[in-house]
Amino acid sequence: MNTMEDLPRSQMVALLRQRGIRDTMVLNAMQHVPRHHFVPEDLRWEAYGDYPLPIGHGQTISQPYIVALMTEALTLQPGDKVLELGTGSGYQAAILAEMGMEVYTIEIVPALHEAARALLAELGYVNVHCRLGDGNAGWEEYAPYAGIIATAAPAAIPSACTEQLAEGGRLVIPVGPRGGYQNLWKVTRRGNTLQREDLGGVAFVPLV
Ligand code: SAH
């Protein structure tokens with residue numbers, strides 16, 4: 001069934017292609033996930049603009065381009081286990097779930113955790129596992145992960161992130177000062193060494 005959100009969502013995906021996103025799994029997921037359900041009711045008409053939006057509690061849902069860029073950088077295969085730090089609205093988790101990943105996501109704000117968990121269940125994403133807690137410790141129980149994504153920025157990479165990464169696994173994380181601009185890093189585990197790639201400047205809320 002077509003809905004009134006289909007056109008803006010197609011336009012959003014067209015813009016992502018124009019901005020250089022190539023991974024068809026990512027583009028298809030962004031074409032399917034109803035982003036307007038993940039933003040506050042009064043901001044729904046803006047849900048498909050390429051910018052972040054407030055989701056309450058001083059937090060934001062990331063802009064579509066950054067979601068796409070980070071997801072593409074994870075270079076995942078369906079069925080991979082992925083850990084997300086900062087569930088927020090649940091949108092990023094839904095994108096990963098839509099791509100067929102087994103998603104483990106942690107949120108520290110109880111109200112956001114509850115809302116995201118309810119919405120993801122309502123939309124039928126049974127492959128997302130939500131936990132209330134501090135993402136700095138990772139989620140040991142289901143480690144190691146093929147991919148780890150942080151959607152809030154620490155001042156330095158938490159050791160749990162690299163410890164819980166599988167051999168060849170990728171960590172995509174913004175790192176830098178609170179309230180300032182950060183660098184987006186892709187860190188790949190190769191045995192005992194970590195290979196780092198700078199993906200450019202970004203602005204995220206802090207990982208507290
Ligand atoms: N991925 C989210 C973006 C959320 S913004 C989305 O798609 O909407 C970052 C989130 O990280 C916020 O919800 C914030 O509360 C959360 N956060 C901040 N510090 C955290 C921590 N230490 N552990 C877990 N979540 C944290």
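### Looking at the nonpolar core
Counting residues in hydrophobic clusters, the biggest one holds 50 residues, and the most contacted among them are Met30 and Tyr91. Those elements that provide at least two residues to this core are helix 1 (6–18), helix 2 (24–32), strand 1 (53–56), helix 3 (64–73), helix 4 (91–98), helix 5 (110–122), strand 5 (128–132) and strand 6 (145–150). Ranked by residues supplied to this core, first place goes to helix 3 with 7 residues. Beyond its immediate sequence surroundings of up to four residues, Met30 is in contact with Arg9, Met12, Val13, Leu16, Pro64, Val67, Ala68, Tyr91 and Ile95. Counting residues in each nonpolar core, the second largest holds 16 residues, with Ala152, Ile173, Val187 and Leu207 among its members.

### Concerning the site of the ligand
Around the ligand, the structure places 26 residues, and the nearest of them are Ser89, Glu107, Asp134, Gly135 and Val208. Measuring from an oxygen atom of the ligand, one finds a backbone N or O atom of Gln92 at 3.1 Å. The backbone of Val208 places a nitrogen or oxygen atom 2.8 Å from a nitrogen atom of the ligand. Coverage of the ligand by the protein chains reaches 99% of its 580 Å² of free accessible surface.

### Quick look at the sheet that holds strand 4 (residues 102–107)
Strand order in this open sheet of 7 strands is 5-4-3-6-7-8-9, and the pairing throughout is mixed. The open sheet has two edge strands, strand 5 and strand 9 (193–202), and neither has a second partner. Strand-to-strand, the axes of this sheet are offset by a mean angle of 15°, without reference to chain direction. Across 6 bridges, the pairing between strand 7 (residues 165–175) and strand 8 (residues 182–190) is antiparallel. Following the sheet pairing, Val172 is matched in strand 8 by Lys186. Strands in contact with helix 4 are strand 3 (81–85), strand 4, strand 5 and strand 6; relative to strand 4, the strand with the most contacts, it is inclined by about 170°.

### Some points on the packing of aromatic side chains
Aromatic ring pairs are defined here through the distance separating the ring centres and the angle between the ring planes. Counted according to the given criterion, the structure contains 5 aromatic pairs. An angle of 70° between the planes, with centres 5.7 Å apart, marks the rings of Phe38 and Tyr91 as edge-to-face. In this pair, Phe38 sits in the loop between helix 2 and strand 1 while Tyr91 sits in helix 4, placing the two residues 53 residues apart along the sequence. Overall, Tyr91 belongs to the buried group, its relative accessible area being 1%.

### Comments concerning the pairing of strand 5
With 5 bridges connecting them, strand 4 and strand 5 associate as parallel partners. Residue Ile106 lies in a different strand from strand 5, and its bridge partner there is Arg131. Crossover connection from strand 4 via helix 5 to parallel strand 5: handedness right-handed.

### Remarks on the pairing of strand 7
With 10 of 11 residues buried, strand 7 lies mostly within the body of the structure. Sheet analysis places strand 6 next to strand 7, joined by 4 bridges and oriented parallel. Following the sheet pairing, Ile149 is matched in strand 7 by Val172. Counting the residues between successive antiparallel strands, the hairpin from strand 7 to strand 8 contains 6 residues, one of them, Gly179, with a positive phi of roughly 75°.

Thresholds, definitions, all that
Residues numbered from 1 in each chain as written. Predicted model: local features only at pLDDT ≥ 70, side-chain atom pairs only at ≥ 80, totals over all residues. Heavy atoms only, no water. Core = buried A, V, L, I, M, F, W, Y, C linked by side-chain atoms within 4.5 Å. Buried < 20%, exposed > 50% of the residue type's maximum accessible area, 1.4 Å probe, protein only. Helix = DSSP H or I, 4+ residues; strand = E, 2+ residues; numbered from the N terminus. Contact = heavy atoms within 4.5 Å. Near = heavy atom within 4 Å. Polar contact = N/O pair within 3.5 Å; in protein donor to acceptor, adjacent residues only side chain to side chain. Areas by Shrake-Rupley, 256 points an atom, 1.4 Å probe, with all protein chains shown as cover. Pairing = 2+ DSSP bridges. Axes fitted to C-alpha atoms, helices over the stretch in contact; angles between N-to-C directions. Phe/Tyr/Trp six-rings, centres within 6.5 Å; stacked < 30°, edge-to-face > 60°. Right-handed = clockwise from strand over helix to strand, strands pointing away.

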